[in-house]
Amino acid sequence: MAVLQCNALQLRYTGMMPEAPPLLSARGVTKYYEGIPGCRNVSFEVWPGEVLGIVGESGSGKTTVLNCISARLEPTSGTVEYATRHDGPADIYRMSEPARRLLMRTDWGFVHQNPREGLRMGVSAGANIGERLMAVGARHYGNIRQAATDWLDKVEMDTGRMDDLPFTFSGGMQQRLQIARNLVTAPRIVFMDEPTGGLDVSVQARLLDLLRGLVSDLGLAAVIVTHDLAVARLLSHRLLVMRRGEVVESGLTDQVLDDPQHPYSQLLVSSVIHP
Amino acid sequence: MAEDGYNFAYLDEQTKRMIRRAILKAVAIPGYQVPFGSREMPLPYGWGTGGIQVTASIIGRDDTLKVIDQGADDTVNAVSIRKFFARTAGVGTTERTEDATILQTRHRIPETPLGPGQILVYQVPIPEPLRWLEPREAETRKMHALEEYGVMHVRLYEDIARFGHIATSYDYPVRVNGRYLMRPSPIPKFDNPKMDRSPALQLFGAGREKRIYAIPPHTGVRSLDFDDHPFEVQKWEDVCALCGSGESFLDEIVTDDRGGRMFVCSDTDYCGRRREAGHTGPATRDPEGSGA
């Protein structure tokens, strides 16, 4: 399903479309924590409009990789290049700090597993959504408010709750708010760390539905870290399977999940409990 | 005459030099918070230890000092600090705004416009305007360095969303010289326009937080706002009950326990001098009809 939604990508995979430059490319990303490897020699590309899933067990280095490629954790070695709008591909750890921080709050989004980390809990939902707009210079209250209303609507939240504080919201609503807050500046790539973790299954299903719709409507690229193979199957076009800090298998999602080649991938797929 | 046993203006000369260096740097970078080695002073934190150190470092033998607290010359804090400098530096003191060369203030800017050559010293409790939005000092410094001030507007947005207008009424954030975001200390926003292009030098001292910052004379100071919610100062429906002024910052005073109240100028020097000049207010004009 997910693959069918994005025909342009399919064409690329089948070699029928000329190569456009990748949006993000990681080459040999390695991170050691005080000598303990977090991830080793991870290389991949993310193309515009593509959703890449990273799956693996706890401690396999998924989040380390995500942090390394989203400028939140400098890798010990290896490079991460991002295709900037104006200057073409640039190493995100070599560019100036103001440029990198601007990129992080305009062109990128980061959705945390725990919405408390990604939200400003002391201010209303509307202010949370408006913050990025104000950070890039929006100074018209009415326009900011209108954008916040539009986004609450897009993430299927009651616009009447706009002036309520985030802690009065349920977990699923907080997660929606966090997504709206990230998407308001029309980013080109969104990094998500277990976006549906900690939510019950029916809320999870609705959130996944919403995410899938937003990603395909907006032509967003996304990197989604998850341990939940169902989430990966539903959202991602391509999959990386990680184990002990290394990528053991990669390929189209359906390919990896339906015909796993590596013993660990086979174990992972066979461990899913079907009710 | 100064009392024996103290160095001139209490602080030792090395400390004064250190503070003067910080002040020079602060003047060179308007609005930038310069760290300095704040000393223990013979009064508690929060009573003006920052302002008193700044004053002690810049005061000379021929200076005339005025100290106000909430606009008044006769409150405990103002009286004590004035007496402190009279004893340790033997300088002349005054209550008349235009006669003073150095004015130390807490929570107000005098109504009488300041002129060139005068220095206004503010006592600052918390110098960092981003503090309640970002608790990490390293991060706020970075935000200042990179001019990332959008988050300050989040606070103003929140005010409008909650109250329908910008409800922040004191310590209202300003941009100095189009660059640094600054807390003007807890003065009412009524006084913010007085900071803009003032011919006087304005120095800010925070003793507990160990920061000094400054607005050089004739420097632009802009209060933050939204395009569709412009900055506005407080207005009153009443005039001063004593001098009848409709332009000054008014304090509300409860006069009895049956709802009686009156509004008077917070700047006692301004109000007193207007009365001397023959101005009257509702209470001084008709003593029988006021209050009760």
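Worth saying up front: this structure is predicted, and the values here are computed from it rather than measured.

Thoughts on the pairing of strand β9 (residues 211-215) of chain B
Residues and elements named next belong to chain B.
Turning to step 1, where the next piece is worked out: Across the 5 residues that make up β9, a large majority, 5, are buried.
Turning to step 2, where the next piece is worked out: Where burial is concerned, the two faces of β9 agree: the one with R211, Y213 and I215 and the one with I212 and A214 are both buried.
Turning to step 3, where the next piece is worked out: The sheet contact formed by strand β1 (residues 34-35) and β9 spans 2 bridges and is antiparallel. The residue of β9 that forms the bridge with V34 is I212.
Turning to step 4, where the next piece is worked out: Linking two consecutive strands that pair antiparallel, namely strand β8 (residues 201-206) and β9, is a turn of 4 residues; a positive phi of about 60 degrees is found at K210 within it.

Considering the nonpolar core
One broad rule of soluble globular proteins: the nonpolar side chains tend to lie buried together.
Turning to step 1, where the next piece is worked out: Formed by 56 residues in total, the largest nonpolar core has its most connected members in I129(A), L177(A), I179(A), Y157(B) and F226(B).
Turning to step 2, where the next piece is worked out: Residue contributions to this core peak at 7 residues, all from helix α5 (residues 150-163) of chain B.
Turning to step 3, where the next piece is worked out: Beyond its immediate stretch of four places on either side in the chain, I179(A) contacts V111(A), V155(A), L207(A), L211(A) and L214(A).
Turning to step 4, where the next piece is worked out: Among the nonpolar cores identified, the runner-up in size contains 32 residues, and V29(A), C68(A), V223(A) and L240(A) belong to it.

So, the pattern of salt bridges
Residues and elements named next belong to chain B.
Turning to step 1, where the next piece is worked out: The tally for this structure, following the rule as stated, stands at 43 salt bridges over all chains.
Turning to step 2, where the next piece is worked out: Note that E134 and R136 form a salt bridge whose closest N and O atoms lie 2.8 Å from each other.
Turning to step 3, where the next piece is worked out: Judged by relative accessible area, E134 falls into the buried class, the value being 10%.
Turning to step 4, where the next piece is worked out: Taking the relative accessible area as the measure of exposure, R136 reaches 51% and is therefore exposed.
Turning to step 5, where the next piece is worked out: Across the pair R179 and E147 runs a salt bridge, and its minimum N-O distance is 3.6 Å. Here R179, found in the loop between β6 (174-176) and β7 (180-182), pairs with E147, found in the loop between α4 (137-145) and α5; they are 32 residues apart in sequence, far enough to count as distant.
Turning to step 6, where the next piece is worked out: Using a relative accessible area of 39% as the deciding quantity, one classes E147 as partly exposed.
Turning to step 7, where the next piece is worked out: If you follow the salt bridges from partner to partner, you end up with R96, E98, D99, D269 and R273 in one network.

Quick look at the confidence of the model for chain B
Turning to step 1, where the next piece is worked out: In this model, chain B carries a mean pLDDT of 93, and residues with pLDDT of at least 70 account for 97%.
Turning to step 2, where the next piece is worked out: Ranking the helices and strands of chain B by mean pLDDT puts β9(B) first, with 98, and helix α8 (residues 282-285) of chain B last, with 84.

Here's the deal with the sheet that holds strand β7 (residues 189-193) of chain A
Residue and element names in this part refer to chain A.
Turning to step 1, where the next piece is worked out: What the 6 strands build is an open sheet, ordered β6-β7-β8-β3-β9-β10; its pairing is mixed. Looking along the sheet, the strands with just one partner apiece sit at the ends: β6 (108-111) and β10 (246-252). When the angles between neighbouring strand axes are averaged without regard to direction, this sheet yields 15 degrees.
Turning to step 2, where the next piece is worked out: By the bridge criterion, 5 bridges tie strand β3 (residues 51-56) to strand β9 (residues 238-243) in an arrangement that is parallel. When the bridges of β9 are listed, G53 appears paired with L239.

A few points about the environment of M262(B)
All names here are of chain B.
Turning to step 1, where the next piece is worked out: Looking at where M262 falls in the secondary structure, it is placed in strand β12 (residues 261-265).
Turning to step 2, where the next piece is worked out: Note on M262: relative accessible area 26%, which makes it partly exposed.
Turning to step 3, where the next piece is worked out: As for M262 and L201, which are separated by 61 residues in sequence, their C-alpha atoms are 34 Å apart.
Turning to step 4, where the next piece is worked out: Non-local contacts of M262, meaning those with residues more than four positions away in its chain, are made with A241, D251, E252, I253 and T255.

So, the interface of chain B and chain A
Turning to step 1, where the next piece is worked out: The interface of chain B with chain A comprises 20 residues on the first partner and 22 residues on the second.
Turning to step 2, where the next piece is worked out: Of the roughly 1,800 Å² buried where chain B meets chain A, counting both sides, 59% is carbon and sulfur surface.
Turning to step 3, where the next piece is worked out: Joining chain B to chain A, the criterion identifies 4 salt bridges.
Turning to step 4, where the next piece is worked out: A salt bridge links E148(B) to R105(A); its shortest N-O distance comes to 2.9 Å.
Turning to step 5, where the next piece is worked out: Viewed at the interface, chain A and chain B are joined by 13 residue pairs in polar contact (both at pLDDT 80 or more).
Turning to step 6, where the next piece is worked out: Going through the elements one at a time, α4 and α5 of chain B are the ones with two or more residues in the side of chain B that touches chain A.
Turning to step 7, where the next piece is worked out: Among the elements that make up the side of chain B that touches chain A, the one with the highest residue count is α5(B) (9 residues).
Turning to step 8, where the next piece is worked out: Broken down by class, the residue content of the side of chain B that touches chain A amounts to 9 nonpolar, 3 polar and 8 charged.

Here we look at the side chain of K66(B)
Residue and element names in this part refer to chain B.
Turning to step 1, where the next piece is worked out: Tracing the backbone shows K66 in strand β2 (residues 64-69).
Turning to step 2, where the next piece is worked out: A distance of 2.9 Å separates a polar side-chain atom of K66 from the backbone oxygen of E95.
Turning to step 3, where the next piece is worked out: Non-local contacts of K66, meaning those with residues more than four positions away in its chain, are made with D73, T94, E95, R96, T97, A100, I102, L103, Q104 and D269.

Concerning the pairing of strand β4 (residues 77-84) of chain A
Residues and elements named next belong to chain A.
Turning to step 1, where the next piece is worked out: Two elements, strand β1 (residues 24-33) and β4, share 5 bridges in a ladder whose sense is antiparallel. Counted as the bridge partner of R27 is T79 from β4.
Turning to step 2, where the next piece is worked out: Of the strand pairs in this sheet, β4 and strand β5 (residues 88-91) are connected by 4 bridges, and their pairing is antiparallel. If you follow A83 over to β5, its bridge partner there is P89.
Turning to step 3, where the next piece is worked out: The antiparallel pairing of β4 with β5 creates a hairpin that spans 3 residues between the two strands.

Description of helix α8 (residues 171-183) of chain A
All names here are of chain A.
Turning to step 1, where the next piece is worked out: The first and last C-alpha atoms of α8 sit 19 Å apart over 13 residues, in line with the 18 Å expected at 1.5 Å per residue.
Turning to step 2, where the next piece is worked out: Burial within α8 is extensive, with 11 of its 13 residues counted as buried.
Turning to step 3, where the next piece is worked out: What α8 keeps buried is the set G172, Q174, Q175, R176, L177, Q178, I179, A180, R181, N182 and L183.

Here we look at the environment of M192(A)
Residues and elements named next belong to chain A.
Turning to step 1, where the next piece is worked out: The topology assignment puts M192 in strand β7.
Turning to step 2, where the next piece is worked out: Taking the relative accessible area as the measure of exposure, M192 reaches 3% and is therefore buried.
Turning to step 3, where the next piece is worked out: Sequence-wise, M192 and I179 are 13 residues apart; in three dimensions their C-alpha atoms are separated by 9.5 Å.
Turning to step 4, where the next piece is worked out: Residues in contact with M192, not counting those within four places in the same chain, are L66, V111, L211, V223, I224 and V225.

Remarks on the side chain of T106(A)
Turning to step 1, where the next piece is worked out: Positionally, T106(A) belongs in helix α4 (residues 97-106).
Turning to step 2, where the next piece is worked out: Apart from residues no more than four positions distant in its own chain, T106(A) is found in contact with R132(A), V136(A), T185(A), A186(A) and P187(A).

Conventions we followed
The numbering scheme is per chain: residues are counted from 1 as the chain's sequence reads. Each chain takes a letter, starting from A, and each ligand takes a number, starting from 1, following the order in which they are written. Residues qualify for local features only when their pLDDT is at least 70, as the model is predicted, and side-chain atom pairs are given and counted only at 80 or more; totals for whole chains, interfaces and linings, by contrast, use all residues. Values reported for side chains reflect all heavy atoms of the structure, with hydrogen atoms and water molecules removed beforehand. Burial classification: accessible surface area is computed with a 1.4 Å probe over protein chains only, and a residue below 20% of its type maximum counts as buried, one above 50% as exposed, and the rest as partly exposed. A run of H or I in DSSP becomes a helix once it reaches four residues, and a run of E becomes a strand once it reaches two; helices and strands are each numbered from the N terminus. Strand pairing is defined by DSSP finding a minimum of two bridges between the two strands. Each nonpolar core is a collection of buried residues, namely Ala, Val, Leu, Ile, Met, Phe, Trp, Tyr and Cys, held together in the definition by side-chain atoms within 4.5 Å. The criterion used for residue contact is that any of the two residues' heavy atoms lie within 4.5 Å. A pairing counts as a salt bridge when a side-chain nitrogen of Lys or Arg comes within 4 Å of a carboxyl oxygen of Asp or Glu. Across the chain, each position has a pLDDT score giving the predictor's confidence in that residue, from 0 to 100. Working convention: axes come from line fits to C-alpha atoms, limited for helices to the stretch in contact. Angles between N-to-C directions cover 0 to 180 degrees. By definition, the buried area sums, over both parts, the 1.4 Å-probe accessible area that each loses when the two are put together. Counted as a polar contact is a pair of N or O atoms within 3.5 Å, where, for protein atoms, one must be capable of donating a hydrogen and the other of accepting one, and residues adjacent in sequence contribute only when both atoms are in side chains. Any residue outside Ala, Val, Leu, Ile, Met, Phe, Trp, Tyr, Cys, Pro, Asp, Glu, Lys and Arg is labelled polar, Gly included; the first ten of those are nonpolar and the last four are charged. An expected span of 1.5 Å times one less than the residue number is assigned to each helix.

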